[in-house]
Amino acid sequence: MDVEIEGLDDLENYFEQLEEKAKELEGENEVPFSELLDASFMREHTPHTDFMAFLEAGGFEVETQEDFEAIPEAELDEHIRETTELESWEEMQAAATKAWVVEQMDLG
(Lines give C-alpha, C1' and ligand atoms only; values in the text may rest on other atoms or scores of the structure.)
Protein backbone atom coordinates (compact mmCIF):
# COMPACT_ATOMS: atom_id res chain seq x y z
CA MET A 1 0.00 0.00 0.00
CA ASP A 2 1.44 3.37 -1.03
CA VAL A 3 0.64 6.58 0.79
CA GLU A 4 1.11 9.87 -0.99
CA ILE A 5 2.06 12.77 1.23
CA GLU A 6 1.61 16.23 -0.22
CA GLY A 7 3.48 19.32 0.87
CA LEU A 8 6.91 17.77 1.42
CA ASP A 9 8.42 20.04 -1.23
CA ASP A 10 7.04 23.06 0.61
CA LEU A 11 8.46 21.76 3.88
CA GLU A 12 11.85 21.17 2.29
CA ASN A 13 11.84 24.73 0.88
CA TYR A 14 10.90 26.09 4.31
CA PHE A 15 13.82 24.32 5.97
CA GLU A 16 16.20 25.54 3.26
CA GLN A 17 15.04 29.12 3.87
CA LEU A 18 15.53 28.68 7.62
CA GLU A 19 19.04 27.40 7.02
CA GLU A 20 19.86 30.42 4.83
CA LYS A 21 18.52 32.83 7.47
CA ALA A 22 20.46 31.06 10.21
CA LYS A 23 23.68 31.40 8.19
CA GLU A 24 23.00 35.14 7.80
CA LEU A 25 22.71 35.47 11.59
CA GLU A 26 25.74 33.30 12.31
CA GLY A 27 28.56 34.93 14.25
CA GLU A 28 28.37 38.23 16.05
CA ASN A 29 25.66 40.76 15.25
CA GLU A 30 25.47 44.35 16.35
CA VAL A 31 21.84 45.22 16.93
CA PRO A 32 20.91 48.75 18.03
CA PHE A 33 18.90 49.06 21.27
CA SER A 34 16.09 50.65 19.27
CA GLU A 35 15.78 47.46 17.21
CA LEU A 36 16.40 45.01 20.04
CA LEU A 37 14.13 46.73 22.57
CA ASP A 38 11.59 47.84 19.99
CA ALA A 39 8.01 48.92 20.68
CA SER A 40 6.68 45.41 20.19
CA PHE A 41 9.06 43.92 22.77
CA MET A 42 8.48 46.75 25.23
CA ARG A 43 4.67 46.49 24.97
CA GLU A 44 4.83 42.73 25.48
CA HIS A 45 7.16 42.80 28.48
CA THR A 46 6.64 46.18 30.15
CA PRO A 47 3.87 48.70 30.74
CA HIS A 48 5.71 51.07 28.37
CA THR A 49 5.87 51.53 24.61
CA ASP A 50 9.55 52.36 24.42
CA PHE A 51 12.76 51.88 26.34
CA MET A 52 13.25 55.56 27.16
CA ALA A 53 9.79 55.75 28.76
CA PHE A 54 10.66 52.60 30.71
CA LEU A 55 13.86 54.23 32.00
CA GLU A 56 12.11 57.51 32.82
CA ALA A 57 9.45 55.62 34.81
CA GLY A 58 12.29 54.16 36.86
CA GLY A 59 13.57 57.62 37.67
CA PHE A 60 16.61 57.30 35.42
CA GLU A 61 17.63 60.39 33.45
CA VAL A 62 19.28 59.18 30.28
CA GLU A 63 20.34 61.52 27.51
CA THR A 64 23.58 59.84 26.44
CA GLN A 65 25.14 56.39 26.30
CA GLU A 66 27.31 57.44 29.23
CA ASP A 67 24.19 58.29 31.28
CA PHE A 68 22.82 54.82 30.59
CA GLU A 69 26.11 53.12 31.45
CA ALA A 70 26.23 55.07 34.74
CA ILE A 71 22.96 53.51 35.97
CA PRO A 72 23.80 51.09 38.77
CA GLU A 73 22.83 47.65 37.50
CA ALA A 74 21.26 46.76 40.85
CA GLU A 75 18.87 49.72 40.53
CA LEU A 76 18.02 48.81 36.93
CA ASP A 77 17.46 45.19 37.98
CA GLU A 78 15.12 46.34 40.74
CA HIS A 79 13.09 48.48 38.30
CA ILE A 80 12.90 45.52 35.90
CA ARG A 81 11.73 43.15 38.67
CA GLU A 82 9.10 45.66 39.85
CA THR A 83 7.61 46.41 36.42
CA THR A 84 8.10 43.27 34.31
CA GLU A 85 8.00 39.49 34.58
CA LEU A 86 11.77 39.53 34.07
CA GLU A 87 14.31 39.39 36.89
CA SER A 88 17.24 41.46 35.64
CA TRP A 89 18.80 43.59 32.92
CA GLU A 90 20.68 40.50 31.77
CA GLU A 91 17.43 38.54 31.48
CA MET A 92 15.75 41.44 29.65
CA GLN A 93 18.59 41.55 27.12
CA ALA A 94 18.40 37.77 26.64
CA ALA A 95 14.62 37.89 26.10
CA ALA A 96 14.98 40.78 23.64
CA THR A 97 17.72 38.94 21.77
CA LYS A 98 15.61 35.81 21.55
CA ALA A 99 12.63 37.82 20.25
CA TRP A 100 14.87 39.53 17.68
CA VAL A 101 16.24 36.19 16.42
CA VAL A 102 12.73 34.73 16.18
CA GLU A 103 11.66 37.78 14.18
CA GLN A 104 14.69 37.58 11.89
CA MET A 105 14.05 33.89 11.28
CA ASP A 106 10.31 34.45 10.71
CA LEU A 107 9.51 31.86 13.36
CA GLY A 108 6.92 33.93 15.21
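It should be emphasised that the depicted structure is a prediction, and the values quoted were computed from it without experimental measurement.

Visitor: It is not clear to me how the side chain of T46 should be interpreted in this structure. Could you clarify?
Guide: Inspection of the secondary structure assignment puts T46 in the loop between α3 (39-45) and α4 (51-57). Its relative accessible area of 8% is what places T46 among the buried residues. There is a polar contact of 2.7 Å between the side chain of T46 and the backbone oxygen of M42. Within polar-contact distance, the side chain of T46 engages the backbone nitrogen of H48 at 3.0 Å. Ignoring any residue separated from it by four or fewer positions in sequence, one finds T46 in contact with F54, T83, T84 and M92.

Visitor: Explain the packing of aromatic side chains to me, please; I cannot follow it from the model alone.
Guide: The geometry of two aromatic rings is summed up by the distance between their centres and the angle between their planes. Across all of its chains, the model carries four aromatic pairs by this definition. On the basis of an interplanar angle of 65° and a centroid distance of 5.8 Å, the ring pair of F51 and F68 is categorised as edge-to-face. With F51 in helix α4 and F68 in helix α5 (residues 65-69), this pair connects stretches of sequence that are 17 residues apart. When sorted by exposure, F51 lands in the same class as F68, which is buried. Taken together, the ring pairs connect F51, F54, F68 and W89 into an aromatic cluster.

Visitor: Sorry, what's going on with the environment of T84 here?
Guide: Here T84 shows up in the loop between α6 (73-83) and α7 (89-105). Residue classification places T84 among the buried residues on the basis of a relative accessible area of 13%. For the pair T84 and P47, spaced 37 residues apart in sequence, the C-alpha to C-alpha distance is 7.8 Å. Those residues within four positions of T84 in sequence are excluded, and the remaining contacts are H45, T46, F54 and M92. Engagement of the side chain of T84 in a polar contact is seen with the backbone oxygen of I80, the distance being 2.7 Å.

About the thresholds
- Residues numbered from 1 in each chain as written.
- Predicted model: local features only at pLDDT ≥ 70, side-chain atom pairs only at ≥ 80, totals over all residues.
- Heavy atoms only, no water.
- Helix = DSSP H or I, 4+ residues; strand = E, 2+ residues; numbered from the N terminus.
- Buried < 20%, exposed > 50% of the residue type's maximum accessible area, 1.4 Å probe, protein only.
- Polar contact = N/O pair within 3.5 Å; in protein donor to acceptor, adjacent residues only side chain to side chain.
- Contact = heavy atoms within 4.5 Å.
- Phe/Tyr/Trp six-rings, centres within 6.5 Å; stacked < 30°, edge-to-face > 60°.

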